[in-house]
Structures are given as C-alpha cells and as structure tokens.
Amino acid sequence: MITIDDKYRLEDFGFNAYLNHDHEATPKIIRKTLEIPGMPGAWNFGSEIGQRDFQIPLRVADGDPINLQQKQNKLIALLFDEFGKPRPFKLTFDYEPDKCYTVELSGYIAPNNAVSFLRRFGLYLTASDPFKYSNVYADEVTWGSETITFEYHYLLGHESTGGSVNITGPQTLNISVEGLAVQPIIEIDGTANSLTLSANGHSFSLPNFNNESWSVDFEKFLVIRNGNETMLEINNFYLMPGDNDVVVSGTNIDIDLRIKFRDKFI
C-alpha cells in the first residue's frame, strides 16, 4: 500500500498498513482575520495552507520475538538519517501511484505488545510542503517509458517538450500543465544572443553566450552557468494550469532546451 523512496515497501520489513488510515484530502487551512470593535464579523486577510499530516496504523507479526524486534529496528533505521534525526523521504500510496509527498516522521513510535507475536503502532508523518507532486518530470511523460504505467493518470493527454528540444531560431513551444501553477527549471545548452523566454506575462533573458550550459531554477531563484552559481537576477516565471505558450526569441540561436517541472496538486 505504501512505497518509500520509490524502492522500499512496508512489506519488505514485514509490516502491513491498515486500510483505515488517516490521509487528509486537504492540508491545514490557516485563516488570517482581524476582529475590529464595532464591525460585524472580521476583516478577512485571506487564507493560507499549512502542513499536511498522516497517521498510518501498522502491524507486524512474527512468532519469534527476536525476529519481531529486528524487523522493527530495520524500519525505524530507514526513517532516520546518519545523525539520528528524522529524515525527509518520498511517500507514495498504491491507490495514487502517479503522485508523491515528501514527509518526515513527526511523532514517536510506541508499539503495542499486548500479544507476544504481534506489534501494532501508528506511524505519524508530516509533509512540511503540503502539495503532492507527479512522480516524474513532465517532459518524461512519453510513450515507451519503463517507469510510467497506465495507472498513471497523467499518461494520456499530457503535452510537453518530451525531453530536450533543439531550437535554431525564434519559435513558440506549447507546454501543458496539470493541477496547479508551477515554476519550472529551464536547462539550456548551446549558443545564443539576447535569448529571451516569455510566458503568461513573465519573461527572463540571458546574456550572450557561446557553447555554454545554463540551468535556471525559478522555484529556488537560482541560476547556474557552466556548473557555477551566478549572481544573475531573475523574477517569477509561472506555467499556469492548462496550455502555455512559451515564446523563445533572440538571434544566433542554436540551443538544446529542456523545460522541467513536476505537476503539482493539492
């Protein structure tokens, strides 16, 4: 039912999760209001979303109490880093295999040992980033993928650049986004003068370059040039839900372009 970091399943440690677990459909809602004397109700400053919590009841059975303890120890070791702190890990549910959360252990584990061969406890997890993301980058959604199966909702009808695209002059790319607005990573290799990419009223430009590599991460506001961080200032650049026209302009263009993002959902 649950996969950790794309490779570990609870069953690998001898554990099973109960179906009646808590999986919040929405994150916590944080309302920002101000009550003013003499004013009915309150002044509404809007709402924000908080973190998302999970409570997953687990059970493990083994007639040998030593094996039982070893299974528990192996699972616990997976949840902590080398310094003994809860580590972030990728969590995927079998009933939504195309999406994942990044979570950490957020509550202590206290097994119920009422029966000598059976242990039960709750696994308390928290996603500080409350959104769930597609398991693969959008440009990896292609026919023939060995990772994506027909269980993945976004296999059909998802249009993207399909990996690296060679561009030798001004042109417009159509990028499809599912779910919420995203800020992509744009990777560029090659040569161009006055290269500018624009979409949805946002744009960014690079200085003239010749046979160089660029990585522009709009979520982290980070620009890497030939493997080194630069001081180049960039602003927000959003791809909105639905179809997006990404306009590439400039001169002397001969680049390989990749637009990377994971679809993002509540």
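Each chain carries its own residue numbering, running from 1 in the direction its sequence is written. Only residues with pLDDT of at least 70 get local features here, since the model is predicted, and only at 80 or more are side-chain atom pairs given and counted; chain-wide, interface and lining totals rely on the full set of residues. Heavy atoms from the whole structure form the basis of all side-chain values; hydrogens and water molecules are not counted.

> Honestly, the packing of aromatic side chains in this entry has me stumped. Any pointers?
Centre-to-centre distance and the angle between the planes together describe a pair of aromatic rings. In summary, the pairing rule links any two rings of Phe, Tyr or Trp, Trp by its six-membered ring, whose centres are within 6.5 Å, and it sorts them by plane angle into stacked for under 30 degrees, edge-to-face for over 60 and tilted for everything else. Scanning all chains against the criterion turns up ten aromatic pairs. Look at Y8 and F13: their rings are 6.3 Å apart centre to centre, the planes differ by 45°, and that puts the pair in the tilted class. Residue burial is assigned from relative accessible area. The probe radius is 1.4 Å, only protein chains are included, and a residue is buried under 20% of its type maximum, exposed over 50%, and partly exposed in between. In this structure F13 comes out as buried when scored by relative accessible area, which is 12%. Here the aromatic rings of F54 and Y101 are separated by 4.9 Å at their centres, their planes lie at 65°, and the arrangement is edge-to-face. Of this pair, F54 sits in strand β7 (residues 52-61) while Y101 sits in strand β9 (residues 99-105), and the two are 47 residues apart along the sequence. Classification of Y101 by relative accessible area gives buried; the value is 2%. Within the aromatic cluster, the residues linked to one another by ring pairs are F54, F93, Y95 and Y101. In this scheme, Lys NZ or Arg CZ marks a charge over a ring once it lies within 6 Å of the ring centre and within 35 degrees of the ring normal. Against the face of Y18 rests R59, its NZ or CZ located 4.6 Å from the ring centre. Sitting over the face of the ring of F131, K264 holds its NZ or CZ atom 4.3 Å from the ring centroid. We count a stretch as a helix when DSSP gives it H or I for four or more residues in a row; a strand needs E for two or more, and each element gets its number in order from the N terminus.

> Can you help me understand the pattern of salt bridges in this one?
Where charged atoms from two side chains of opposite charge approach closely, those side chains can pair. Definition used for salt bridges: Asp or Glu carboxyl oxygen within 4 Å of a side-chain nitrogen of Lys or Arg. Tallied over the entire structure, the rule returns twelve salt bridges. Put simply, D53 and K28 hold a salt bridge, and the shortest N to O gap is 2.1 Å. Of this pair, D53 sits in strand β7 while K28 is found in the loop between β4 (22-23) and β5 (29-34), placing the two residues 25 residues apart along the sequence. On the basis of relative accessibility, which here comes to 23%, the residue D53 falls in the partly exposed class. Judged by its relative accessible area of 36%, K28 falls in the partly exposed class.

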